[in-house]
Each structure stands twice: as C-alpha cells, then as structure tokens.
Amino acid sequence: MPDKIHLLPDHIANQIAAGEVIQRPASAVKELLENAVDAGATQIDLIIQDAGKQLVQVIDNGSGMSVSDARMAFERHATSKITNIDDLFKIRTMGFRGEALASIAAVAQVELKTKRAEDNSGTLIEIENSVVQRQEPSAIPDGTSIAMKNLFFNVPARRNFLKSNAAEMRHIIDEFMRVSLAYPDRSFTLTANGQKQFHLDSGSLKQRIIQLLGNNYQTKLVSVSQKTDYLNIYGFIGKPETAKKTRGDQYLFVNNRFIKSAYLHHAISHSFQELIPGESHPSYVLFIELDPAQIDINVHPTKQEIKFEDEKIIYAFVQAAAKHALAQFNITPALDFELDAGIQQLGAITQPFSDQQKAAASASTIYKSFTEKHAAHKIDPDKRNDAGGWESFYEAAIAANKPGSFQSLLTGVIENTEPSSASSKKLTQLFNTFILAEGVRSVRVIHQQYAHETILCHRYRKQIISGTAVSQQSLFPLTLQLSPQDTELITELLPDLEKLGYSIESFGKDSFIVRGTPADMSESEITSSIELLLEQVKHYRSDLPIDQREKLIRALAKQQCIKTGQPLTEDEMIILVTELFQCDEPFHTPGGKPTCYDLSADEMMSRFGK
Ligand code: ADP
Ligand code: MG
C-alpha cells in the first residue's frame, strides 16, 4: 500500500482557513474597517455593491504601507501588530492575528492601493485566489484602499450559502455600526449601490449614538461613567422608556472591541429590573476599559467573544455602574447628563482597586450574590415549573408517546367542523392549559398553545400561497420608525406580510405606515407586535434550514396563538381540536414540540399494579 498522507496545496489550505474568518461579506467589512482604524485613519469610507457579494471596498486616509509591506500583508500570519506571545496581553489594536487579508485574498479578487505620506508614489496590487496577478507603482493619495470583489467566486458552495441581499446588507450595517460607534472621533461613510446610507462626521459619542440609533435618543440617554484602578466603564444607557421588545440597540465594547456577552447583558438588564416590563430589553452603548492583560481576546477567530480574568467582578461593576446611573436619573430626571459629574464621584467605585481589595471584594456578599444564583445561564430549577409540577409529568409521558396509534378517538369530532353539531364526546380543559379528549381505551392530552401554534402555521402557509388573509384597516394609519437593520428586514418581508393581512408601506428612509393588520389591535399592540415579530424572525438560529418566509410564519404563529392560561369554551375546544387534526402534521409544532400525547387505559391500570 502506498502512503496516503500529503500536504494540501497552499491555496486550498488558505481557502479552508479563510472559512473561519470570512463567512460572509459582513466579515470582510469588519476586518477591513478594523484595519483602517488600526492604521490611524480619520476618514473611513465603506463602499458596497450588491450587498457585498460583488464589492466590499474600504478607503482610508491612514498610515498606508510600503511596497514590500503591501505584498507581505497578504501572507498568512503576517502582521505588524504583535511580534511575540507576550504582546498578546498588551493588545490595543483591533487586529493582531494577521489572517484577515490572507483569508480575503484566498476567497475573492482583491485590489489594494496604498501609499505612505513619506513615499512619492504608491503601490497597486491585484491578487486572486491567493496569487498575485499584478504589482506596480501607482499615483494615488495617501492612505489605503482595499476592494474585495466577487466574494467566493472560487468556492461556489460557499457562495450558495450566502443569504438574500437584504439579509447580507443587514449584517454589513451591523458591523458598520459596531465599528463606527466605537470610534466617534473618526468620520465614516457607507455607500451602498451608489447611494449614501450613512454620513457620520466625527464628534462626541452621544452625537454618534444619535446619528446611528436615531433622533429619538436625543433626550433619552443617561450617561454612565465609573472609573477605578481596575477598570473604567463609560457610555450611555437609554432611559427606561427606550426599552424595546426587540433586542437590537445593545452595544457592549471591551477596549473598543464589540463583544457579545449574554452574561454581561444580564448584568445590565438586571439593573433595569423594576423599571421596564419583563420581556423588554434596555438600550445601551457601554464601553469597558481594562488592562489587556485581564482579558483573552484570542478565544474566537472573529474575536466577538472574549474571556475575562475575573468575569464576576466585571459583572458586579457593570451592574453597579448601570444602577448608579439609573438611580441618578430617577432622583433628578431633568438633570443634564453632560454635566453629571456626581456619578463619577461615587465612593466605592472611585477608590483604587488593589489586588488586596479585589480579594476582599470577592469574599464580600455583593460578589457572592453574583455567583451561581444570579448568573445568566443558571436557571433556578424550581422556577422552571410554572405548571405546578405538571410539566415534568407531561414531559415524561411524552417520551413514551406513540402518536399515530390513535385514530378512532376523535372521528366524531373530525368529521364535523361545525361547533353546533359537536359530537357527544366531551372535551375538558385542565389547568387552562390542556384539553382532555376521551377515546375508546385511552385519553388524549392536548397542549392548547402548541396545538394552536401548529394550526396557525398551517393556516398562514396556505394564506401566503393563496393570498386570502383579511386585513383590518385602521382608521388612523400608524407610523413605525425602525432601526436600519429592522428596515432592511421588514422590506424583505413586506410581500409576505401583505399576504398575511398586514398592510404596510415604506414611507421614507426608515419609516413605515401601517394601514391594516390581520386582527383588530390597538396602536401600541400593533407597534409591539411588529417589533416582536421582527425580533423573533431575527433570532431564529441562522443554521436552521428554513427560509425567511417560514421564519415569519412561525414567528407570527407563536405570537398570535392562544396561550396557556387562557380559559376556553367548549366550542373553542372543539374547533381547536378539529382544526389541529386537519393539519398535515398535527402531532408536533413546526419547531418540534409535541402537541399531544395519549394515555391508555392500560397504562393507567398499571399504576394500580394491575
Ligand atoms: P492584522 O490586522 O491582524 O495584523 P491583517 O491581515 O488584517 O492582519 O493585516 C495585515 C497587516 O497589513 C496589518 O498588520 C497591517 O500592518 C497591514 N494593513 C492592513 N490593512 C491596512 C490599512 N488599511 N492601512 C495600513 N496598513 C494595513
Ligand atoms: Mg486586521
């Protein structure tokens, strides 16, 4: 037998490695914007064609590169930002892994133009599939322009994974907002398909927030500013009235790097506890600054997750800072936060934070109260059971459930959709949650919420195809104002929303007029139901093999279905059960939750030892 192990050719190894860093056009946007920031640029222009599938270009007025650096920049692990492993713990730049340009060059066609102020002429390099096609001197302004064209032209399988233009554009705007929020002292523009979407002049953080998140924040931001020797926290939190059903306006940065942390989000949300309704999310743009030695940003290729040396202390500080800011706001609501020096003077927080004190803090009760019990990921086992012990029994029973073995039970009901001609089989509601139906030698237990969710999905799918939904026209059309991301999303969903009975029109940049909805709803219900709908669509896992339309259908069904806790009349139960068993797949919700299970007389008997 011949040996079978061989080395992969460079360009294939590069393509594989690129998959970690460049997943979609927005990943390139992030890397290129960060490079421009690292190069000290004060003017950064992002140009997009075809949601980045055709072109992502970043032009900056930063340091530029020498002729040989320009060539080196595309090598894997080529970086000017670290030289040894210790440097990893002193990082102040956004990049350091030296992988972004190599990755981009492996999966696209790249044109780099760069010039340092001290050089007479600049350099132009064209590179494709990791191979340099052209390199020559070029007369260009100081700074750097990198254009990435035809992403994944050489990896068709990955190109096919890209989402619709609206979806990809949403990701791009997300990345643009994250970088530009972190650097309000620099100017940014975003031009997509020839249209300028953002023009952000350099200014204060507050100005930047308002430019990006909307004018309505003008009077609704509370400043946060806490300084200690260990870490600084600054930024703004939205007053409670800016809390939304949708998550979206939540930005947390660590040493200017946008990060996702459910744990720290929990810290902030928790400080709003009594001020906003349970299912709402507070808005915030917060920056944590600490010694880079205290964090490990190298745990994730795109650096969106980081590890803190001591996460619990950060949790306690973030929460304390948010609480203090809110307290201040409650006592003196009219306070001008720009002048709000008081917050910065808070005793415990302003004191130097030595190792000794850190040790003391971790022994203190405040620290302890942030351990286990309050950790975001910890769910109190006895809180999970709202249904008074039923759920666990129910779940155990489901495991033993054999759907399909149940045909005759509901025949009396299924054939008569008219409630008035209901069968003699009596349906019983239990705990305002379950419907019991007696069969020949078994009893069927139906979960009213999951049953109705399943029915609605089935109905909406039909309506979208046939366009038969009725819309309740509002007397007073309502104007909706949405974030740039939600604007992209709703635009994409509009045709389907129309077929589901929503009558919504685009009205200027990020405004929409709602003229009708599927059911009679009050103004505030309409706004929150649309916000919630967009939120749910966004939060379906992106790896779910379902399209945007199915996400919309499922989200709407979840929102509109009868919930547990609602008492049902006999007629309502009959309609519910009848319709359920007319669905194509009655035994599971589209998300895979069981709608019912059967308990046979024999099983019951066995409980009595027979
Ligand atoms: P990293 O940012 O992790 O160092 P990259 O692959 O993103 O790796 O970039 C490689 C190198 O190319 C950087 O370290 C930097 O020296 C140089 N570089 C990249 N983009 C720019 C730019 N816009 N201006 C100046 N230099 C740049
Ligand atoms: Mg970089």
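Residues numbered from 1 in each chain as written. Chains lettered and ligands numbered in written order. Predicted model: local features only at pLDDT ≥ 70, side-chain atom pairs only at ≥ 80, totals over all residues. Heavy atoms only, no water.

(A) Region of interest: the sheet that holds strand β18 (residues 442-447). Sheet architecture is open: 4 strands sit in the order β16-β17-β18-β22, paired in antiparallel fashion. Either end of the sheet is taken by a strand with one partner, and the two such strands are β16 (427-430) and β22 (596-600). Strand-to-strand twist of the sheet, defined as the mean angle between neighbouring strand axes without regard to direction, takes the value 25°. Two strands pair when backbone bridges link them, and β16 and strand β17 (residues 434-438) are joined in this way by 4 bridges, in the antiparallel orientation. Looking at the pairing, Thr428 lines up with Leu436 of β17. Against the sheet, helix α15 (residues 448-466) makes contact with β16, β17 and β18, and its axis sits at roughly 70° relative to β18, the strand it touches most. Most of the contacts of helix α19 (residues 570-580) go to β16, to which it runs at about 100°, and overall it touches β16, β17 and β18. (Pairing = 2+ DSSP bridges. Helix = DSSP H or I, 4+ residues; strand = E, 2+ residues; numbered from the N terminus. Axes fitted to C-alpha atoms, helices over the stretch in contact; angles between N-to-C directions. Contact = heavy atoms within 4.5 Å.)

(B) Summary view of the pairing of strand β1 (residues 43-49). Of the two faces of β1, the one holding Ile44, Leu46 and Ile48 is buried and the one holding Gln43, Asp45, Ile47 and Gln49 is not buried anywhere. Pairing analysis gives 6 bridges linking β1 to strand β7 (residues 187-192), with the strands arranged parallel. Residue pairing across strands places Leu46 opposite Leu190, the latter belonging to β7. Strand direction decides the pairing type here: β1 and strand β2 (residues 55-60), joined by 6 bridges, are antiparallel. Counted as the bridge partner of Leu46 is Val58 from β2. (Buried < 20%, exposed > 50% of the residue type's maximum accessible area, 1.4 Å probe, protein only.)

(C) Structural context of the nonpolar core. Formed by 65 residues in total, the largest nonpolar core has its most connected members in Leu46, Ile48 and Val285. Structurally, this core is a two-domain feature, drawing no fewer than three residues from each of domain 1 (10-200) and domain 2 (205-328). Among residues more than four places away in sequence, those in contact with Ile48 are Val29, Leu55, Val56, Met169, Ile172, Leu190, Thr191, Ala192 and Asn193. Counting residues in hydrophobic clusters, the runner-up holds 35 residues, among them Phe96, Ala267, Ile268 and Leu326. (Core = buried A, V, L, I, M, F, W, Y, C linked by side-chain atoms within 4.5 Å. Domains from an automatic or database assignment.)

(D) A look at the sheet that holds strand β4 (residues 122-128). An order of β5-β4-β3-β6-β2-β1-β7-β8 is seen for the 8 strands of this open sheet, with the pairing classed as mixed. In this open sheet, the two strands that pair with only one neighbour each are β5 (131-138) and β8 (195-200). In this sheet, neighbouring strand axes are inclined to one another by 10° on average, regardless of whether the strands run parallel or antiparallel. With 7 bridges joining them, β4 and β5 adopt antiparallel strand pairing. Note that in β5 the partner of Leu124 across the bridge is Glu136. Each of β1, β7 and β8 is contacted by helix α6 (residues 165-182), which is oriented at about 170° to β7, the strand it contacts most. Where helix α7 (residues 205-213) meets the sheet, its contacts fall on β7 and β8, and the angle it forms with β8 comes to roughly 160°.

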